[in-house]
Amino acid sequence: MNGEQIAVVLHAADSITRAGVTAALRSRPEIRLVEPDEPAPVALVVLEKLDGPAQQLLRRLQVQGSPNIVLVAGDIADPELLNIVSSGVSAVIRRSDATPDTLVRLIKATAAGQGALPPDLLGRLLDRVSRLQRNVLNPNGWTMAGMSDRETEVLRLIADGFETREIAEKLCYSQRTVKSILHDITNRFQLRNRAHAVAFALREGLI
C-alpha cells in the first residue's frame, strides 16, 4: 500500500472490460491501479465466465504467489465454487452486481485479509462442501484437510515423542508402513521432515 491507497493489479477478459473497470476505479482515491509486474496486495480479476483460460489464470496467479484475488464473474455454477476457493480467491461478486463502490469495498476487505461471498453463493458452497464430506471424504476415512485417520494418528504419536518402531507396535503396522505413511504426508503437503509435518498438523488443528 502507498499511504491510504491500495495497489491493485487488474486482469480483465478483454480490452473493453479493462477500459471500463479502469475508468471506474481511476478516480477513486483509495485505489491505485498498477501494472502486472508491480507488487500489489490485491488482484482484481474480471471475467464473463469461468472457462478454461479463466481457470488457468487463477491457477497461475496462485502459483506465482500473487496477492489476494477479488473475482468479478458472470453466472457461477456449483462445481466451479470449490475451484474458485481453492484457487486463492478471497472475494466474489457477479458482474451484474459490481459497482465502483462495491468493488472498492471488496478490495479493501481483501487487502485486510477478509473474504466475501454473496449469501446465495456461500450457501451453495457450504452445501457442496457438506456433500463432499458426506459422500466422498467420510466413506474413505479422509478429513477436509486431505489427511486420513491413520495419518493423523501417526503424526499424533510422533508429536508425543514415539519412534517409528514404537508407532508400528502401537498401531500394529510394520515399520515400512509407518515410513510409507510419513513419506506420503510429506510429499502431498510438500513438507520437509517429520517436525515440519507435525507442525503442519498442529497448525491445521488435526492433532
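Just above sits the structure.
Residues numbered from 1 in each chain as written. Predicted model: local features only at pLDDT ≥ 70, side-chain atom pairs only at ≥ 80, totals over all residues. Heavy atoms only, no water.

**Structural notes on the packing of helix α7 (residues 164-171) against helix α8 (residues 175-188)**
- Relative orientation of the contacting elements α7 and α8 amounts to 105 degrees, with a least axis distance of 8 Å. Classified by the angle between their axes, α7 and α8 sit roughly perpendicular to one another. Residue-level contacts link T164, R165, I167 and A168 of α7 to Q175, V178 and K179 of α8.
- Split into classes, the residues belonging to the contact of α7 with α8 amount to 3 nonpolar, 2 polar and 2 charged. (Axes fitted to C-alpha atoms, helices over the stretch in contact; angles between N-to-C directions. Helix = DSSP H or I, 4+ residues; strand = E, 2+ residues; numbered from the N terminus. Parallel < 35°, antiparallel > 145°, perpendicular 65-115°, else oblique. Contact = heavy atoms within 4.5 Å. Nonpolar A, V, L, I, M, F, W, Y, C, P; charged D, E, K, R; others polar.)

**Here's the deal with the sheet that holds strand β2 (residues 31-34)**
- Taken together, the 5 strands give an open sheet; going across it, the order is β2-β1-β3-β4-β5, and neighbouring strands pair in parallel fashion. At either end of the open sheet lies a strand with only one pairing partner, and these are β2 and β5 (89-94). Ignoring which end each strand starts from, the neighbouring axes of this sheet average 30 degrees apart.
- Where strand β1 (residues 6-12) lies against β2, 4 bridges are found, and the strand directions are parallel. For V9, the partnering residue across the bridge sits in β2 and is V34.
- Along the sheet face, helix α1 (residues 15-26) touches β1, β2 and β3 (42-46) and points at about 160 degrees away from the line of β1. (Pairing = 2+ DSSP bridges.)

**A few points about the nonpolar core**
- Core analysis: the biggest nonpolar cluster contains 21 residues, and V45, L50, L71 and I76 have the highest contact counts within it.
- Mapped by element, the contributors of at least two residues to this core are β1, β3, α2 (52-63), β4 (68-73), α3 (78-86) and β5.
- Those residues in contact with L50 that lie beyond four places of it in its chain are Q55, L58, L71, I76, E80 and I84. (Core = buried A, V, L, I, M, F, W, Y, C linked by side-chain atoms within 4.5 Å. Buried < 20%, exposed > 50% of the residue type's maximum accessible area, 1.4 Å probe, protein only.)

**Remarks on the environment of Q55**
- Among the secondary structure elements, Q55 is positioned in helix α2.
- Taking the C-alpha atoms as reference, Q55 lies 8.2 Å from I84; in sequence the two are 29 residues apart.
- Not counting residues within four places of it along the chain, the set of residues in contact with Q55 comprises L50, N83 and S87.

Without other data, these values stay purely geometric and don't point to any function.
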